[in-house]
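The lines below spell out each chain.
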Amino acid sequence: MNKRVKNLALGAATATVMMMSGLGPAMADTVLKFISWQTDDAGTGEWWHSAIAEFEKQHPGVKIEFTKAERSSYADTMTTLFAANQPPQIVHLASFEFQMFADSGWLEPLDPWLKKDGIDMTGWAGQKTCEWNGETVCIMTNYFGFVMAYNKKMLDAAGIAVPKTYDEFLAAAKATTKDLNGDGIVDQFGTGHETKGGPGQYLTEMLNYIIDAGAYWTDKDGNITIDTPQMVEGLTRWKTVMKSGISPVDMSASDVRKLFADGKMAMRLDGPWLYGTTEKGTAKSDIVYAAPPLTPPLGGSSNVLAMPSDIPDDQKQLVWDFIKLTMTPEFQRSYATMGGNTPPSPKADVSGVEKTIPHFPVLLQTMKAASEKGIDRVPIGLELYYNEFSKMIMEETQRMIIQDLDPAEVAKTMQSKAESIKG
Amino acid sequence: MTDTVRAGRGKFFDLARPSRQHLLGYILIAPAVLMVAAIIVWPLILAIDLSFQQVKIPRLGGASRPFSLNNYTWLFSSEEFWLACWVTFKLVVVVTAGSVAVGLSTALLANNRFKGRTVARLGIALPWAVPEIIAVVIFAWMFDTSFGLFGWLAIQLGFSDQMIPWVSSSTAAFWAVAITMVWKGFPFVSIMCLAGLQSIPSDYYAAAKVDGASVFQRFRWITMPLLMPVLGVTLVLTLLWVFRDFSIIKVLTGGGPLRSTQTLSIMTYDQAFQYHNFGRAAAVGVLTLVICIIASLLMLGRRSKSIY
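Conventions used here
Residues numbered from 1 in each chain as written. Chains lettered and ligands numbered in written order. Predicted model: local features only at pLDDT ≥ 70, side-chain atom pairs only at ≥ 80, totals over all residues. Heavy atoms only, no water. Pairing = 2+ DSSP bridges. Helix = DSSP H or I, 4+ residues; strand = E, 2+ residues; numbered from the N terminus. Axes fitted to C-alpha atoms, helices over the stretch in contact; angles between N-to-C directions. Contact = heavy atoms within 4.5 Å. Nonpolar A, V, L, I, M, F, W, Y, C, P; charged D, E, K, R; others polar. Domains from an automatic or database assignment. Salt bridge = Lys/Arg side-chain N within 4 Å of Asp/Glu carboxyl O. Polar contact = N/O pair within 3.5 Å; in protein donor to acceptor, adjacent residues only side chain to side chain. pLDDT = per-residue confidence, 0-100. Buried area = accessible area lost by both parts, 1.4 Å probe. Core = buried A, V, L, I, M, F, W, Y, C linked by side-chain atoms within 4.5 Å. Buried < 20%, exposed > 50% of the residue type's maximum accessible area, 1.4 Å probe, protein only. Phe/Tyr/Trp six-rings, centres within 6.5 Å; stacked < 30°, edge-to-face > 60°. Lys NZ or Arg CZ within 6 Å of the ring centre and 35° of its normal.

### Description of the sheet that holds strand E3 (residues 91-94) of chain A
Residues and elements named next belong to chain A. Spatial ordering of the open sheet is given by E3-E10-E6, a layout of three strands whose pairing is antiparallel. At either margin of the open sheet sits one strand with a lone partner, and together these are E3 and strand E6 (139-145). Here the strands of the sheet are splayed against their neighbours by 20 degrees on average, with no regard to which way each runs. Bridging between E3 and strand E10 (residues 299-306) involves four bridges; their strand directions are antiparallel. Looking across to E10, one finds that Val91 is bridged to Ala306. Across the sheet, helix H12 (residues 313-327) lies against E6 and E10, angled at about 145 degrees from E10, the strand it touches most. In the packing of helix H14 (residues 360-372) onto the sheet, the strands contacted are E6 and E10, and the crossing angle to E6 comes to about 105 degrees.

Structure below.
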């Protein structure tokens, strides 16, 4: 009898545990996965967290799992997740990498969602980039213009005025590059370019000089336009900058920014995100932001939000709600006030932002200048082959610098190889 | 249930019976076999299948593309592939030779009796214990073109009048990778050789000494032949490590500049994750596997002839 009671008790306990574990998932919150490289970015990361908090407040029982993936391996992570049929519900991608996912049909067309909510995207900066095969597959989160930050103390010490042209910029960079302790190693650089962050970043750094020389990789119809006198001039400028020792070489973006922020570099051409680093640097009080001497300023689309095409409809609605929240005028404004970014929405009220971010008008000015000239880092017609194209350009440029080749010959080689890549 | 049936069932499952002992072995090894099949054999089959399809990004459970030899045709006609083969070959030769030279030397040293031998042995094993990615990041700092230790040393010692562009010069980048790999790889050779050296009976050396054999002769005719079984296996394992190593090159140079450090493993990664050509990447991977198998067979065959 005793044994029978024991067995019954054991059976009841097992059944209870099984029932509870069965009920578990049904009672749990709905979780949306959101992977980003910006989770802990100064300003921008906080803005994402505030949007998530607001979304969760508006959607009780729904949680957003916000996870960081390093930018350097971000595309690999997303490719693997999509290939394994496990994409995050909220898809955050750089504007030069979403095309492959869109081309594979993995991103939900957003036109019906926009139409349903009556959202007008007219004037939304960079939104045209999000159109793929005639459909809107993402929402542009950030469109930016490059600015020049300079260390006023260094320029003053060298008796140099703030440069307004490429020649002045080069002269200022040369005058401020110094071996301060005479050990044969340069301790203070005139400027700094990242050359270790991969081909895409390498091209971005080069583009400052190429655009100023009046050149670009393709025209608005997608034809390759590398073999031109303007491009030869642009390549010559890049070669001069890299060979004259005014920039440290083989450095990652974060290292270059840190050098600048800590007062070991006189000038830096960069996007709005530089502000987060300079605010934490030891030379913070000496740093001033200005319009870049290279015009039009480099700029363009930065990152996008999208949703996978094959998640359940109820999840799609939640993801759309989140995207929509980030597009509201309130969050577009806080994108500026918290992150120091230029919001893409034409309805964003950015008045008074300069009180907390003094250089904000410069950011807006360069963003508009870049937008008006239709500047973007991803060349039209080469979106799908951007990685291959950028690697080819980087290699040919490195060859030009290492083997001291004539930029005119290099431009010819690049033209031919780019045409071959495009097919 | 009757006692007869119970007894019969007990007999059937009696794995202690000599005739059924092999069954116990199979049962015990089954989980490991299944695990290996799941994490190695299955992906390998998938990779081979993928290498015969023209596919950009595959999707798990997605429909297969038609059979095609295009990936292999592209590969054999690609300059990039042959360059990657040449770089891999150079790296395998340099790093394996370097690791064996340093590893064997340190093993011979650590096999002697001297004060501080334990500390020396620990020191030899240390690079092996350091996680690869941490070691590479430290080396990346030391090879930094603007502020790195090696460039500074070169200037201080008068070898150079300016910092050495370790990562933006094709030759320097290759040697930066090779030096890092030798540093990371020699302890394994050293430990294996030390184990091999300690298994050689000291009587052989004593007898050779009596016969008037010099140090070099003892090394040539006793140490080396008796060490060959260990050294052969070590050589194969080191060679395979160099072949497949990815993180050292990726972190240090990313395969550049001008593909001077782009090995087959880096090329596989680039094709898959940079260019999104998973079919081509799978083809490079399969060919790398084939080359590794052939190299291992050749090395093991050579080793078997080298011992007494």
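Read on for the rest.
### Examining the packing of helix H4 (residues 79-111) of chain B against helix H12 (residues 264-274) of chain B
Residues and elements named next belong to chain B. It is at 8 Å that the axes of H4 and H12 come closest, and there the two elements cross at 145 degrees. Of the residues in H12, those touching H4 at Glu80, Phe81, Ala84, Cys85 and Thr88 are Leu264, Met267 and Gln271. Of the residues belonging to the contact of H4 with H12, the class tally is five nonpolar, two polar and one charged.

### A word on the environment of Met140(A)
Residues and elements named next belong to chain A. As for its position among the elements, Met140 is in strand E6. Put simply, Met140 and Ser302 are 162 residues apart on the chain and 7.8 Å apart in space, counted from C-alpha to C-alpha. The residues touching Met140, leaving out its near neighbours within four places in the chain, are Ser95, Trp124, Ala125, Gly126, Gln127, Thr129, Cys130, Ser301, Ser302, Asn303, Val304 and Pro344.

### Brief notes about the sheet that holds strand E8 (residues 267-270) of chain A
Residue and element names in this part refer to chain A. Ordered by their spatial adjacency, three strands build an open sheet running E8-E7-E9, and the pairing between neighbours is antiparallel. Edge positions in the open sheet fall to E8 and strand E9 (287-290), since each of these has one partner strand only. Sheet twist, expressed as the average angle between the axes of neighbouring strands with direction ignored, equals 25 degrees. Two elements, strand E7 (residues 147-151) and E8, share four bridges in a ladder whose sense is antiparallel.

### Brief notes about the domain arrangement of chain A
Residues and elements named next belong to chain A. For chain A, the domain assignment lists domain 1 (29-143 + 301-355) and domain 2 (145-299 + 373-422). Computed from C-alpha coordinates alone, the two centres of domain 1 and domain 2 are separated by 29 Å. If you look at the interface, domain 1 gives 14 residues, while domain 2 gives eleven residues. At the boundary of domain 1 and domain 2, one finds zero salt bridges. Joining domain 1 to domain 2, the criterion identifies three residue pairs in polar contact (both at pLDDT 80 or more). With three residues, helix H4 (residues 98-103) is the single largest residue contributor to the side of domain 1 that touches domain 2. For the side of domain 1 that touches domain 2, the class distribution of residues is five nonpolar, eight polar and one charged.

### Observations regarding the confidence of the model for chain A
On average, chain A scores 90 in pLDDT, and the residues at 70 or more come to 93%. In this model residues 19-27 of chain A is a low-confidence stretch, pLDDT under 50, and it forms zero contacts with partners more than four residues away in sequence or in other chains.

### Considerations on the side chain of Thr177(A)
Examined against the element boundaries, Thr177(A) turns out to sit in the loop between helix H7 (166-176) and helix H8 (199-212). Apart from residues lying up to four places away in sequence, Thr177(A) is in contact with Val186(A), Gln188(A), Phe189(A), Gly190(A), Gly245(A) and Ile246(A).

### Topic: the interface of chain A and chain B
Each partner contributes to the interface: chain A provides 30 residues, whereas chain B provides 29 residues. Together, the buried faces of chain A and chain B total about 2800 Å²; carbon and sulfur atoms form 55% of this surface. At the boundary of chain A with chain B, the tally comes to three salt bridges. Between Glu395(A) and Arg259(B) there is a salt bridge whose closest N-O contact spans 2.6 Å. For the pair chain A and chain B, the number of links is eleven residue pairs in polar contact (both at pLDDT 80 or more). At the level of secondary structure, the elements contributing two or more residues to the side of chain A that touches chain B comprise helix H3 (74-83) and helix H15 (386-402) of chain A. At seven residues, H15(A) tops the list of elements feeding residues into the side of chain A that touches chain B. Split by residue class, the side of chain A that touches chain B holds 14 nonpolar, seven polar and nine charged.

### Describing the nonpolar core
The nonpolar side chains of soluble globular proteins are, as a tendency, buried together. Residue and element names in this part refer to chain A. In terms of nonpolar packing, the biggest core is built from 59 residues, with Phe34, Leu107 and Phe322 touching the most fellow members. Here this core gets seven residues from one element, more than from any other, and that element is H12. Counting residues in each nonpolar core, the second largest holds 56 residues, with Leu298, Met367, Met400 and Ile421 among its members.

### Section: the packing of aromatic side chains
Under the criterion given, the structure shown has 40 aromatic pairs over all chains. A centroid spacing of 5.6 Å and a plane angle of 5 degrees characterise the contact between Phe82(A) and Trp106(A), whose relative ring orientation is stacked. In this pair, Phe82(A) sits in helix H3 while Trp106(A) sits in the loop between H4 and helix H5 (111-116), placing the two residues 24 residues apart along the sequence. Each member of the pair, Phe82(A) together with Trp106(A), is buried. Relative to Phe150(B), the ring of Phe143(B) lies with its centre 4.7 Å away and its plane at 50 degrees, an arrangement referred to as tilted. Classification of Phe150(B) by relative accessible area gives partly exposed; the value is 26%. Directly above the aromatic system of Phe174(B) lies the positively charged group of Lys90(B), at a separation of 4.8 Å from the ring centroid.

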